[in-house]
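Remarks on the overall topology
Here is how the chains run, residue by residue.
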Amino acid sequence: MIVGGRVVAPDRVLDDGWLAIAGGKIVQVGSGTPPDIGSADYVDVAGCLVVPGFIDTHCHGGGGGSFSSGNPEELFRAVRAHRRHGTTTMLGSLVSDPIPVLRDQIAALRELVQEGELAGIHLEGPFISKARCGAHDPATLIEPDTATVNALLGAGRGDIRMVTLAPELHGGVKAVRQLAESGVIAAIGHTDGVEDQIIPAIDAGASVATHLFNAMRPLHHREPGPIGALLDDERVTVELICDLVHVHPTVLRLAAHHAGKGRTVLITDAMSATDAADGSYILGRLEVDVRDGVATLAGNGSLAGSTLTMDAAFRNLVRGAGIDLLDAVRATSGRPAELLGIADRTGSLRAGLAADLVVLDRDLRPAKVLRQGEWVKDEAAATLSATAPLSGAVEGGVSVSDG
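Throughout this document, residue positions are counted from 1 along each chain, in the order its sequence is written. Given that this is a predicted model, residues contribute local features only at a pLDDT of at least 70 and side-chain atom pairs are listed and counted only at 80 or more, while totals for whole chains, interfaces and linings are drawn from all residues. Excluded from the side-chain calculations are hydrogens and water; all other atoms, namely the structure's heavy atoms, are used.

**Re unusual backbone geometry**
How we decide: Only DSSP runs of H or I covering at least 4 residues are called helices, and only runs of E covering at least 2 are called strands; the numbering of each starts at the N terminus. Three exposure classes are used, based on accessible area relative to the maximum for each residue type with a 1.4 Å probe and protein chains only: buried under 20%, partly exposed in between, and exposed over 50%.
Backbone torsion omega between Gly125 and Pro126 reads 15°, so that peptide bond is classified as cis. Looking at the element boundaries, Pro126 is found in the loop between β10 (120-124) and α3 (146-156). One non-glycine residue, Asp269, adopts positive backbone phi at about 50°. Tracing the backbone through its elements, the reader meets Asp269 in the loop between β15 (264-267) and β16 (279-283). With relative accessibility at 7%, the residue Asp269 sits in the buried group. For Leu364, which is not a glycine, the phi torsion comes out positive at approximately 60°.

**Quick word on the UniProt feature "domain: Amidohydrolase-related" (unreviewed entry) in the protein chain**
Note the threshold: UniProt positions are given in the numbering used here, feature names are shortened, and annotations may be inferred rather than shown by experiment.
In the numbering adopted here, UniProt assigns the feature "domain: Amidohydrolase-related" (unreviewed entry) to residues 49-376. Regarding residues 49-376, the helix share stands at 32% and the strand share at 22%, and the terminal C-alpha atoms are separated by 17 Å.

**A short note on the side chain of Thr237**
Worth spelling out the cut-off: Throughout this description, a polar contact denotes any pair of N or O atoms lying within 3.5 Å of each other; where both atoms belong to protein, one of them has to be capable of donating a hydrogen while the other can accept it, and for residues adjacent in sequence the pair is counted only when both atoms sit in side chains. What makes two residues a contact is simply this: any of their non-hydrogen atoms within 4.5 Å.
For Thr237, the position within the fold is in strand β14 (residues 237-241). Owing to a relative accessible area of 3%, Thr237 belongs among the buried residues under this scheme. There is a polar contact of 2.9 Å between the side chain of Thr237 and the side chain of Arg335. Setting aside chain neighbours within four positions, we find Thr237 in contact with Ser207, Val208, Ala209, Gly262, Arg263, Val265, Arg335 and Leu339.

**Structural notes on the pairing of strand β1 (residues 2-8)**
Our working rule: Should DSSP find at least two bridges between two strands, the strands are taken to pair.
In terms of burial, β1 is a largely internal element, five of the seven residues being buried. The pairing of β1 with strand β4 (residues 43-44) spans two bridges and is classified as parallel. Across the sheet, residue Val3 finds its bridge partner in β4, namely Asp44. Here β1 pairs with strand β2 (residues 13-22) via five bridges, running antiparallel. Along β2, the bridge assignment pairs Gly5 with Gly17. As consecutive antiparallel partners, β1 and β2 are separated by four residues. Where β1 meets strand β5 (residues 49-52), two bridges bridge the pair, whose relative direction is parallel.

This is the structure in structure tokens:
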């Protein structure tokens with residue numbers, strides 16, 4: 001029994017709420033006086049906020065480990081780093097690489113998917129625009145064709161859940177349709193396309209905007225480009241990197257309000273330096289410098305992913321962008337679960353779902369993390385900080401590693 005805190009249920013915040021948990025699942029949620037279950041262990045979280053475990057659909061690594069490394073120890077280190085910050089479900093994202101290399105990386109990540117450590121694999125590239133490649137090595141980028149897409153999906157054996165591509169490339173719209181018909185989420189990103197090239201891809205089945213605003217043609221009042229097309233189409237879920245660097249708080253608020261709670265998803269786009277020290281790192285094939293938590297390419301200073309964690313993204317959305325708690329929970333748990341097709345198993349605090357939750361102190365920092373009914377070891381905080389002041393500085397100005 002978890003008692004005494006404010007529990008964020010799907011449709012309201014329960015003051016003096018409680019949850020009964022057994023067999024790794026939530027069996028009952030309520031408020032007021034909890035039932036007397038003599039055999040239960042009671043955990044008092046007075047003064048804290050209880051939210052569903054965070055779900056990150058776009059993450060490249062953390063804790064010094066990269067999902068592109070293929071090294072099992074690194075892969076587990078990355079998962080553990082984000083789990084300490086409340087991410088109980090995540091996709092492992094790969095950046096662009098030659099197809100044989102990607103197939104090996106996919107095989108390594110499949111081990112974690114099969115063991116239940118990851119919910120699937122996200123391929124960010126290699127079918128993206130050289131003009132908007134960001135921190136991807138342009139030498140690895142190719143145009144999509146049916147055989148290559150099939151080769152990658154075959155390597156995934158059903159574990160590839162999302163692929164990001166630029167639809168203006170030759171074969172782009174056809175590849176979107178191929179992915180959608182294969183049950184894979186087709187995401188539009190790293191694109192220099194104009195609106196007339198984006199809309200056919202949405203019609204073909206593209207349903208996600210990869211980190212909206214970043215690494216894509218900017219919004220212009222006479223040519224809305226990908227941003228206008230993706231943000232305004234009710235069929236598209238928009239990813240937002242909420243470190244207050246990649247996207248300004250005002251723009252975050254505008255996008256979240258327009259897309260609404262049914263289409264807004266927060267992601268980290270985190271790389272291996274997340275929850276680790278500043279220094280030099282590798283993202284894919286490119287060298288990255290991390291200073292004061294900001295990750296930039298060593299060659300040109302462009303942003304290279306982030307060192308963001310989902311708990312910091314949640315805080316930034318609530319305090320930096322002024323989004324209310326219910327909508328913030330939807331963006332960090334509920335909507336991502338729906339997008340991945342797992343909302344019947346996790347993503348909200350209701351009976352019958354997995355006991356995936358985060359206990360946040362009054363500063364909205366993780367005090368305890370529960371995943372499938374088991375407390376995560378090495379929690380972000382050793383004890384509950386229920387006496388911490390509710391007010392606090394917004395985590396912005398840098399990509400936040402919460403360290």
